[in-house]
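# Structural characterization, general
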Amino acid sequence: MALRKIRTGKDPVLRKVCKPVNDINDSFKTLLDDMADTMYDADGVGLAAPQVGVLRRAVVIDVGEGLVELINPEIIETKGEQKDCEGCLSIPGATAEVIRPSYVKAKALNRDGEEIIVEGRGLMARAICHELDHLDGILYVDKAVGEIQY
């Protein structure tokens, strides 16, 4: 697999809405593999396709419980609220507090094109919301509560 360049700062690709994935072919599976390798190399817990310059609805997440790949993900249920500090591989050196649901349920496709349901609490819920925001051109700093710390 290969490491991809993570788009940072004011790169316009980070503000675009991604298109659905219509064909999960070998090339797309390579993208998922590259995204995971890139995320791990950068010590991240999640990475969305636009962060590597690909405007497709796909994310990878690993909060320490194993890799989760979500294609065309949609949040279908949320509960509760949590306020915690977030950072982002596309905004290096910055953190801010963000309010997110404490529980999230999402549906998506896996790399075999099968529908899956993923549930997350705590950090996993936060990661799902953070990465899915990327697919709509939203960055965590847009939802920051209080000042951004550099």
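Above this text you will find the structure in question.
A short tour of the structure in this document, coming up. (Residues numbered from 1 in each chain as written. Predicted model: local features only at pLDDT ≥ 70, side-chain atom pairs only at ≥ 80, totals over all residues. Heavy atoms only, no water.)

### Observations concerning the side chain of Glu86
- Position of Glu86 among the secondary structure elements: in strand S4 (residues 82-88).
- Within the local environment of Glu86, its side chain forms a polar contact with the side chain of Arg100, the two groups lying 2.8 Å apart.
- Not counting residues up to four positions away in its chain, the partners in contact with Glu86 are Ala94, Thr95, Ala96, Val98, Arg100, Arg126, His130 and Tyr140. (Helix = DSSP H or I, 4+ residues; strand = E, 2+ residues; numbered from the N terminus. Polar contact = N/O pair within 3.5 Å; in protein donor to acceptor, adjacent residues only side chain to side chain. Contact = heavy atoms within 4.5 Å.)

### Some thoughts on the sheet that holds strand S5 (residues 91-100)
- The sheet built from three strands is open, its strands ordered S4-S5-S8 with antiparallel pairing. The open sheet has two free edges, formed respectively by S4 and strand S8 (144-149), since each of these has just one partner strand. Taken pair by pair, the neighbouring strands of this sheet meet at an average axis angle of 20°, ignoring direction.
- Sheet topology note: the S4/S5 ladder contains six bridges and is antiparallel. The partner of Gln82 across the bridge, within S5, is Arg100.
- Where helix H2 (residues 123-134) meets the sheet, its contacts fall on S4 and S5, and the angle it forms with S4 comes to roughly 50°. (Pairing = 2+ DSSP bridges. Axes fitted to C-alpha atoms, helices over the stretch in contact; angles between N-to-C directions.)

### Some words on the sheet that holds strand S3 (residues 68-79)
- A sheet is described by the order of its strands in space; here five strands give the open sequence S1-S2-S3-S6-S7, paired in antiparallel fashion. In the strand order of this sheet, the two ends are held by strand S1 (46-48) and strand S7 (115-121), each with one partner. Strand-to-strand twist across the sheet, computed as the mean angle between neighbouring axes with direction ignored, equals 35°.

### Let's talk about the packing of aromatic side chains
- Under the counting rule described, the total for this entry stands at zero aromatic pairs.
- Directly above the ring of Tyr103 sits Lys79, whose terminal nitrogen or CZ lies 5.5 Å from the centroid. (Phe/Tyr/Trp six-rings, centres within 6.5 Å; stacked < 30°, edge-to-face > 60°. Lys NZ or Arg CZ within 6 Å of the ring centre and 35° of its normal.)

### Looking at the pattern of salt bridges
- With the rule as written, the count across this model stands at 13 salt bridges.
- For Arg57, the salt bridge is made with Asp136, and the minimal N-O distance between the two is 3.1 Å. Of the two residues, Arg57 is situated in the loop between S1 and strand S2 (58-61) and Asp136 in the loop between H2 and S8; the sequence distance between them amounts to 79 residues.
- A relative accessible area of 15% means that Arg57 is categorised as buried.
- Salt-bridge contacts for Lys83 lead to Glu97; the nearest nitrogen and oxygen are separated by 3.5 Å. With a gap of 14 residues between them, Lys83 in strand S4 and Glu97 in strand S5 connect regions that are remote in the sequence.
- Since its relative accessible area comes to 35%, Glu97 is described here as partly exposed.
- In the salt-bridge network here, residues are joined through shared partners; they are Glu86, Arg100, Arg126, Asp133 and Lys143. (Salt bridge = Lys/Arg side-chain N within 4 Å of Asp/Glu carboxyl O. Buried < 20%, exposed > 50% of the residue type's maximum accessible area, 1.4 Å probe, protein only.)

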